[in-house]
Amino acid sequence: MSSLTDEFVHRTNIKNNNNSDNSKDYDKQDIDTTGFDNCLIIRENKDEPAHLTVSLVIGPDMKIGLKRLCDENIFSCLNRLKKNVLKVYQKKMKILLKQSKKKKGGETTSDNVSDECGNSTCFVPKDVKLKLLLKDGTKIQNDSTNINKQGRLTEGECKMTTKEAFNKAYCVTLTIVRDDDTKNNILFCRDVIINPNEVLSVTPHKYPMVGFPLYPTILLNETTTRLDNCKFKWEKMMKHTTVQNNGVECENITLSTNMKYIPNDDDLYHRLLFTCTTSTRYYTISGKPVDVVQSKQCIFDEVRNKPVHISPTRYQNVRWNKSCNYRIMTYNILCEKFEVQKDNICAAEYLDIGYRQQIIAKEIVDSEADIVCLQECSYLVFKYLSLYLSHTEIYCNGKFIKKRNGSDGCVCFYNIKKFKVQDYQCICMSNYYEGAEDEYLKQFMNESDFNKLQQLPQVVQYILLKPINKDSKQNNNTNHKMMTANKTESKLLLLSNTHLTYLPNLENLRNIQCDIILKHASK
């Protein structure tokens, strides 16, 4: 116990260097660096609270993942983990035997593969022994030969559940028994970490341009991690390696530590490296803190010049009274699945959503619209626009609803300095009427048209907005101003957003859909 504890306590902290050589690999578009390879990770799932996920890495391409019940006995979980470790070794051996057979062109044995590789993973273990070390000094292990020794619990004595045992554990050891000689055994020691902060993936978008904010798509383990727990880093990747006077190669140039970055003229024709990092702190049995740092990176393509057809003065000559009017914008932004080139109407890149979503976001901001309604917007585009617009501190995070059985839907944004939401509802129009026997519908459609109506995927958003009167936020001493403010604030604005069916020869059904929208709004 003491020697194992010493090994555990003196293990070096697992930290990844964000300026590693991986950042110089220009051809690699998705770089993954993680500190969890030396840990046994236990994850809880808020969607499945009765289950735990157990993850373990014991070598290159040797990863194990288990999904276990929280209330099962810990011995059942350890025995299942043992079986999966043996399966991983067997699978690895089959792959190596197949590769070796192709090279030699004849029969190959496991001994030959092991001798050639010289790698400890090139064999099938005789046995696997697991030992779970608890913080109170208790040991739980699946090796029945040592169950009577002091400090160890037998399977009959231990009534601990899997969740309870892992919550009390600080370390697990795996002894890979290669043969009868104990000197050939391989020992893995893995720290137990419960629900670590995790970055699952970061993804760049296409066509980075000067003056257009970049927002990588960051996927987190939402059960445990928030963006507040993450650190960010933007770097300019140097196209050519240069040598300074002291003989040291120039590294990437750090540009920003914010989540977003706006390229400038100096970044033109350079690739940009984005890094998202999070860390999890836990404590060893001796109380020593250890930080497990995990990061993921992605590379944006070379920064381009801003489009020549974008005019920043486009809306400056539009005359409107901002004090008493609201500006509303609505666009059908063309879903990605409809990006089909017809008659060479434009360059292919202009149809790509990676380019178009940036133009759309800038168009919204430049227009100073107070309410924005979009149709044919996919969820990924919505997430980008939500990040872009919310960072202006003018717009809300947005409301999104997807069409039934579709890949796109409707989106609404509003000016948070002018409105606050009183109510939000959405409906699927095909579910609004229960049957064709409705007397009202018989005036407009037959049963065949009604069946078509039930199959249409269109949805409707309803947002009830209450205007925010600036005068009401100030200390007004006159009754007149107070009465004016109360009268203004009592008014409500009902906003609806939809995309009627586009299919030809269905004008009758489009009229019915409009009727559905108005009937629900009246409620």
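Residues numbered from 1 in each chain as written. Predicted model: local features only at pLDDT ≥ 70, side-chain atom pairs only at ≥ 80, totals over all residues. Heavy atoms only, no water.

Undergrad: What should I look at first to understand helix α7 (residues 379–390) in this one?
TA: Since one α-helical turn is 3.6 residues long, residues separated by three or four positions face the same way. Taking 1.5 Å as the rise per residue, α7 with twelve residues should run 16 Å; its terminal C-alpha atoms sit 16 Å apart, in good agreement. Within the sequence span of α7, burial applies to V381, F382, Y384, L385, S386, Y388 and L389. Contacts made by the buried residues of α7 are with α6 (353–367), β17 (371–378), β18 (399–402) and β19 (408–414). (Helix = DSSP H or I, 4+ residues; strand = E, 2+ residues; numbered from the N terminus. Expected span 1.5 Å × (residues − 1). Buried < 20%, exposed > 50% of the residue type's maximum accessible area, 1.4 Å probe, protein only. Contact = heavy atoms within 4.5 Å.)

Undergrad: What is the right way to look at the sheet that holds strand β16 (residues 328–332) in this model?
TA: Backbone hydrogen bonds are what pair the strands of a sheet, in a parallel or an antiparallel way. Strand order in the open sheet made by the four strands is β16-β17-β19-β18, with mixed pairing throughout. The two strands at the open ends of the sheet, each matched to only one other strand, are β16 and β18. Going across the sheet, the axis of each strand differs from the next one's by a mean of 15°, ignoring polarity. Sheet strands touched by α6: β16 and β17. Its angle to β16, the strand with the most contacts, is close to 165°. (Pairing = 2+ DSSP bridges. Axes fitted to C-alpha atoms, helices over the stretch in contact; angles between N-to-C directions.)

Undergrad: What should I look at first to understand the nonpolar core in this one?
TA: Within soluble globular proteins, side chains that are nonpolar tend to cluster in buried spots. With 47 residues, the main nonpolar core has I218, F274, L385 and F413 as its most contacted residues. Among the elements that make up this core, the one with the highest residue count is α7 (six residues). In this view, L385 contacts Q357, I360, A361, L374, C377, S390 and F413; residues no more than four positions away in its chain are not counted. With 35 residues, the next largest nonpolar core counts V54, I74, V88 and A169 among its residues. (Core = buried A, V, L, I, M, F, W, Y, C linked by side-chain atoms within 4.5 Å.)

Undergrad: Before we go on, may I ask you to explain the pattern of salt bridges in this structure?
TA: Applying the stated criterion across every chain yields a total of 14 salt bridges. Between R43 and E198 there is a salt bridge; the shortest N-O distance is 2.6 Å. Here R43, found in strand β2 (residues 39–45), pairs with E198, found in the loop between β9 (186–194) and β10 (199–203); they are 155 residues apart in sequence, far enough to count as distant. For E198, a relative accessible area of 5% corresponds to the buried category. Across the pair E72 and R68 runs a salt bridge whose closest N-O atoms are separated by 2.8 Å. Here E72 falls in the buried class, since its relative accessible area comes to 14%. Here the salt bridges share partners, and the residues they tie into one network are K337, K403 and D408. (Salt bridge = Lys/Arg side-chain N within 4 Å of Asp/Glu carboxyl O.)

Undergrad: Can you help me understand the sheet that holds strand β20 (residues 419–428) in this one?
TA: With antiparallel pairing, three strands are arranged side by side in an open sheet as β20-β21-β22. Each edge of the open sheet carries a strand with a single partner, namely β20 and β22 (493–498). Within this sheet the neighbouring strands show an average axis-to-axis angle of 20°, counted without direction. Examined bridge by bridge, strand β21 (residues 459–467) and β22 share six bridges and lie antiparallel to one another. By the bridge assignment, V460 is partnered in β22 with T498. In this fold helix α11 (residues 507–522) packs onto β20, β21 and β22, with an angle of close to 40° to the strand it touches most, β21.

Undergrad: What am I meant to see in a nonpolar patch on the surface here?
TA: Where nonpolar side chains cluster on the molecular surface, the patch consists of F338, Y502 and L503 and spans about 300 Å² of accessible area. Topologically, L503 is positioned in the loop between β22 and α11. Of the residues examined, L503 reaches a relative accessible area of 35% and is grouped as partly exposed. (Patch = residues over 30% accessible without salt bridge, like charges linked within 9 Å, V, L, I, M, F, W, Y side chains within 5 Å. Areas by Shrake-Rupley, 256 points an atom, 1.4 Å probe, with all protein chains shown as cover.)

Undergrad: Is there a simple way to explain the side chain of T501 in this structure?
TA: Mapped onto the fold, T501 is located in the loop between β22 and α11. If we ignore the near neighbours within four places in the chain, the residues touching T501 are L456, Q458, L506, R510 and Q513.

Undergrad: Teacher, can you tell me more about the packing of aromatic side chains here?
TA: Describing an aromatic ring pair means giving the distance of the ring centres and the angle of the ring planes. Under the definition given, this model contains 13 aromatic pairs. Taken together, a centroid distance of 6.0 Å and an interplanar angle of 80° make the contact between Y215 and Y384 edge-to-face. Pair noted here: Y215 is in the loop between β10 and β11 (217–220) and Y384 is in helix α7, with a separation of 169 residues, a long-range link. Each member of the pair, Y215 as well as Y384, is classed as buried. Linked through ring pairs, F232, W234, Y261, F274 and F300 together constitute an aromatic cluster. Positioned above the aromatic ring of F212 is the side chain of K362, whose terminal nitrogen or guanidinium carbon lies 5.7 Å from the ring centre. The ring of Y424 has K399 lying over it, and the distance from NZ or CZ to the ring centre is 5.1 Å. (Phe/Tyr/Trp six-rings, centres within 6.5 Å; stacked < 30°, edge-to-face > 60°. Lys NZ or Arg CZ within 6 Å of the ring centre and 35° of its normal.)

Undergrad: Mind showing me how you'd approach the packing of helix α9 (residues 447–455) against α11 here?
TA: The angle between the axes and the distance between the axes are what describe a pair of packed helices. In the contact formed by α9 and α11, the axes pass within 11 Å of each other and the chain directions differ by 60°. The orientation of α9 relative to α11 falls into the category oblique. Read as a crossing pair, α9 and α11 show a hand that is right-handed. Where α9 abuts α11, its residues D449, K452 and L453 lie against N508, L509, I512, Q513 and I516. Tallied by class, residues from the contact of α9 with α11 come to four nonpolar, two polar and two charged. (Parallel < 35°, antiparallel > 145°, perpendicular 65-115°, else oblique. Left-handed = near helix turned anticlockwise from the far one by under 90°. Nonpolar A, V, L, I, M, F, W, Y, C, P; charged D, E, K, R; others polar.)

Nothing here speaks to function; it is all geometry.
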